[in-house]
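Here are the chains, one letter per residue:
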Amino acid sequence: MKQLSAIIPGAVNTYCPGCEHGLLLKLIAMALEELGITEKAVMVGSVGCSTLAFKFLNIDYVQAPHGRAPAVMTGIKEVEPDSIVFAVQGDGDALSIGLQELFYAANRGIPVSIFMYNNMVFGMTGGQMAPTTPEGMVTMTTPYGRDTAKSGPPIYSCEMLSGLSKPSYIRRVIIAPKPIQLKDRVMYSSREANQSYKAIISAFKTQMKGGFSYVEFLGTCNVNWKMSILDSKKYAHNVSAKVYQPALFRDKFGVDFIES
Amino acid sequence: MGWLQVKRLLMGAEAIAEAAINSGLEAYFGYPITPSSEIMENLAVLYASHRSDRFRVYFQSASEVESINLLMGAGAAGHITMTATSGPGLSLMAEGISYAYTSEIPLVIINVNRGGPGLGNVAPEQSDYLFVTKSLGHGGSKPIVLAPSSIKEAMGQVRMAFELSFKYRIPVIILTDAIIIHMLESVDLDQLTPVSVDANWSARGRNGGARHLINSIYLEPAEFSKIKAGLEEKWKTIEPLGECFMCNDAETLFVAYGISARIAMEAASNMRENNIMAGVFRPITLNPFPGKMLVDAAKNSRRIIVVEMNEGQMVLDVQYWLRRDVELIPFNGGIYPSTEEVIERCK
Ligand SMILES: Cc1ncc(C[n+]2csc(CCOP(=O)(O)OP(=O)(O)O)c2C)c(N)n1
Ligand code: SF4
């Protein structure tokens, strides 16, 4: 396979086996290449499992504090409007500590692309409750399941951002490949990766047209969900995608090309 | 052009805004807080009236947490960027300053010290001294700290801060207070020229070259230890600055910075009229602290008196450097020293 210029030659991604964080970075690298924008790309690192992206992607990189990537991205984009600025944020990073920064970047319509990896837990710190943890889900800080009577219901970020007028592209996709049970073995569908790729392309195209883009990717964290890889993929399809339905929420420039 | 056209009577906040524009400010982000807001308001007018082609970005942030991160982005992309705030806002910026320190991002913060701790009041104090000089950010980050004692000097320090922030790729704080911000002084606007910066390390996209990493995470202890040693080496090359005012034959030496130094200088002059040989040593960079200059200035002095607007903060540095008894004349709560009171209190 052709070496992608946006990936450090020989780099291996250091994510847990079965995690889609690595797949997401690879798809981003492919999209940068396809659109010919690798040379102009600046990634802003958030804090979470995506922090290690700089060891994999061979592009300019600025590390933001936990939750603040949208503000750092705004700072870069404002002074360097020709650059292509993006971040991969976890659901804790984007929706817990960093909700205000995300909200304001979106409300101002800053032309940047945010790729939010929703695994419904804090992955990097060992599986605590996230703002997206569904009712009843067991995590390290909700050992008897999330009690939404106390913690409030999960936060639906695409729906929330859709309440703002400025964002140009808002989409939710599932990136966890769907297990297909064959007679003697399990295969995984490539449809999810394909759709995720298309969503990334659309997000970058939106940025190139001057709009704010946000894509939520439903991914797994088998390690902290304490499941086998196979079960985590099933859970993503049977639970995550039911709680958070994949959909196109906003597409001002008509760039989306995911078949429904 | 005659001098009439360039000499103008300006309020501190206005002068600082003008100085920032003339020195090449490119991006300003800020969140209002008294007594710093006038700087931001003046810049809003200068921005809207297109006073400078270089001043391309200005907006009001959603919080000081957002401000510092906006600055980090603009600084990481190699542009001159600044904000102004006051104590509570600076507390919120501490995390970002720490990241910027290790990531070596140039940025400038004007901190107009108000009364604290807590919400305190909006009157002048110097109570952020230890915070800004000893631990502004977790993990031991050390921004450069400058302290002006006049409007003219504040203007020069804005330019100096831009220069230093890029020369050392480090956050720079200008520590001032409501007196300087609200005082009127006649100043020369033409003396400042835009700072030109080298940004070939910055993150703007590879653009055909090698990629640039602006990073503060080093998971390997050996690697991080080396990085920190490099930051220390760099820190040691930063030149401390101080000023001696009639120090040579001073039997009574005041040590004071910022507005307190100005009052101490007046007190020293008055005392000399009554044959008390007084002088003042004034640190200009609070970090790095001009300790060796202070030792030299204090050689012949019998009494060392620190005048500061807090419960006694810089006095710790003065004691550390001089290793002898040091007297303290503190003012706090927003009460600031009058010349007479300073003279009275050292009797
Ligand atoms: C100010 C601050 N608070 C807390 C942390 C610890 N921390 C690091 S990552 C993280 C949560 C990460 O979860 P998420 O954003 O969902 O990303 P994931 O690792 O699941 O991809 C936390 C709480 C931190 N680094 N900084
Ligand atoms: S902890 Fe979870 S989210 Fe992080 S790399 Fe491992 S599986 Fe992925």
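Each chain has its residues counted from 1, running along the sequence as written. Whichever chain is written first becomes A and whichever ligand is written first becomes 1, with later ones labelled in order. Given that the model is predicted, a residue must reach a pLDDT of at least 70 before its local features are reported, and side-chain atom pairs must reach 80 or more before they are shown or counted; all residues, however, enter totals for whole chains, interfaces and linings. Only hydrogens and water are removed before side-chain values are computed, so all heavy atoms of the structure are retained for them.

This brings us to the confidence of the model for chain A. Confidence scores labelled pLDDT are given residue by residue by the predictor and lie between 0 and 100. Per-residue confidence for chain A gives a mean pLDDT of 97; residues scoring 70 or more make up 100%. Averaged over each element, pLDDT in chain A is lowest for helix α5 (residues 148-151) of chain A (94) and highest for strand β10 (residues 213-218) of chain A (99). Labels follow the DSSP assignment, with helices taken as runs of H or I lasting at least four residues and strands as runs of E lasting at least two, numbered in each case from the N terminus.

Let us look at the site of ligand 2. The immediate surroundings of ligand 2 are formed by Y15(A), C16(A), C19(A), H21(A), C49(A), N119(A), G123(A), C221(A) and N224(A). Its residues assigned to classes, the shell around ligand 2 shows five nonpolar, four polar and no charged. The cutoff for a nearby residue is simple: one of its non-hydrogen atoms must lie within 4 Å of the molecule or strand. Basically, the charged four are Asp, Glu, Lys and Arg, the nonpolar ten are Ala, Val, Leu, Ile, Met, Phe, Trp, Tyr, Cys and Pro, and anything else, Gly included, counts as polar.

Another aspect to go through is the sheet that holds strand β1 (residues 41-45) of chain A. At least two DSSP bridges between two strands are required for those strands to pair. Across the sheet, which stays open at both edges, the eight strands sit in the order β11(A)-β7(A)-β10(A)-β4(A)-β3(A)-β1(A)-β2(A)-β10(B) with mixed pairing between neighbours. Edge strands, defined here as strands with exactly one partner in the open sheet, are β11 (247-251) of chain A together with β10 (213-214) of chain B. Both strand β3 (residues 84-90) of chain A and strand β4 (residues 113-118) of chain A contribute to a ladder of five bridges, which runs parallel. Counterpart to Q89(A) in the pairing with β4(A) is M116(A).

In globular proteins that are soluble, nonpolar side chains generally tend to be buried together. Residues belong to one nonpolar core when they are buried, are Ala, Val, Leu, Ile, Met, Phe, Trp, Tyr or Cys, and are joined through side-chain atoms within 4.5 Å. Relative accessible area decides the class of each residue, using a 1.4 Å probe on protein chains only: under 20% of the type maximum gives buried, over 50% gives exposed, and in between gives partly exposed. Counting 143 residues, the largest nonpolar core has Y214(A), I39(B), L43(B), M82(B), F254(B) and V318(B) as its most contacted members. Here this core spans two domains, since at least three of its residues come from each of domain 1 (8-236) and domain 2 (243-344) of chain B. Apart from residues lying up to four places away in sequence, M82(B) is in contact with A20(B), L25(B), A27(B), Y28(B), F29(B), I39(B), L43(B), L71(B), V108(B), I110(B) and F162(B). Counting 40 residues, the second largest nonpolar core, distinct from the first, contains L24(A), A199(A), I200(A) and F204(A). What counts as a domain boundary in this text is fixed by an automatic or database domain assignment. Note on contacts: a residue pair qualifies if any of its non-hydrogen atoms lie within 4.5 Å across the two residues.

On to the interface of chain A and chain B, then. Listed per partner, the contact involves 35 residues of chain A and 39 residues of chain B. A combined buried area of about 2900 Å² lies between chain A and chain B, and 56% of that area is made up of carbon and sulfur atoms. The term buried area denotes the loss of accessible surface (1.4 Å probe radius) that occurs when two parts are joined, taken as the sum for both partners. Considering only the surface of chain A that becomes buried against chain B, E39(A), D60(A) and V79(A) emerge as the three largest contributors, covering 22% of it. Salt bridges are defined as contacts in which a side-chain nitrogen from Lys or Arg sits within 4 Å of a carboxyl oxygen from Asp or Glu. At the boundary of chain A and chain B, one finds three salt bridges.

Now for the sheet that holds strand β15 (residues 303-308) of chain B. Residues and elements named next belong to chain B. Sheet architecture is open: five strands sit in the order β11-β13-β12-β15-β16, paired in mixed fashion. Each of the sheet's edge strands pairs with one partner strand only, and the pair in question is β11 (242-245) and β16 (327-330). Going across the sheet, the axis of each strand differs from the next one's by a mean of 20°, ignoring polarity. One ladder, built from four bridges, connects β11 with strand β13 (residues 278-283); its direction is antiparallel. Counterpart to F245 in the pairing with β13 is V280. With axes taken as lines fitted to C-alpha atoms, and helix axes fitted only over the stretch in contact, angles between N-to-C directions fall between 0 and 180 degrees. Strand contacts of helix α10 (residues 258-273): β11, β12 (252-255), β13 and β15, with the helix running at about 165° to β13, the strand carrying the most contacts.

Within the structure, ligand 1 sits among 17 residues, and C49(A), G92(A), D93(A), G123(A) and M124(A) are positioned closest to it. The environment around ligand 1 is built from residues contributed by chains A and B. Note that an oxygen atom of ligand 1 is positioned 3.4 Å from one of the backbone N or O atoms of D91(A). Between G92(A) and ligand 1, the recorded distance is 2.9 Å, taken from a backbone N or O atom to an oxygen atom. Burial of ligand 1 by the surrounding chains reaches 77%, relative to a free accessible area of 590 Å². Of all elements in the fold, only α3 (91-97) and β5 (121-122) of chain A reach the threshold of two or more residues within the shell around ligand 1. Ranked by the residues each element gives to the shell around ligand 1, the list is headed by α3(A), at four residues. Broken down by class, the residue content of the shell around ligand 1 amounts to six nonpolar, eight polar and three charged. Any pair of N or O atoms that falls within 3.5 Å is considered a polar contact. Within protein, one atom must be able to donate a hydrogen and the other to accept it, and sequence-neighbouring residues count only if both atoms are side-chain atoms. Accessible surface area values rest on a Shrake-Rupley calculation with a 1.4 Å probe, where residue burial reflects the displayed protein chains alone.

This next bit is on the pattern of salt bridges. Any two side chains of opposite charge can pair if their charged atoms end up close together. Residues and elements named next belong to chain B. Taken as a whole and judged by the stated rule, the model has 26 salt bridges over all chains. Here R345 ties to E341 by a salt bridge, and the two come within 4.0 Å at their closest N and O atoms. Of the two residues, R345 and E341 are both situated in helix α13 (residues 339-345); the distance of four residues between them amounts to about one turn of the helix. Under the relative-accessibility criterion, R345 is labelled partly exposed at 40%.

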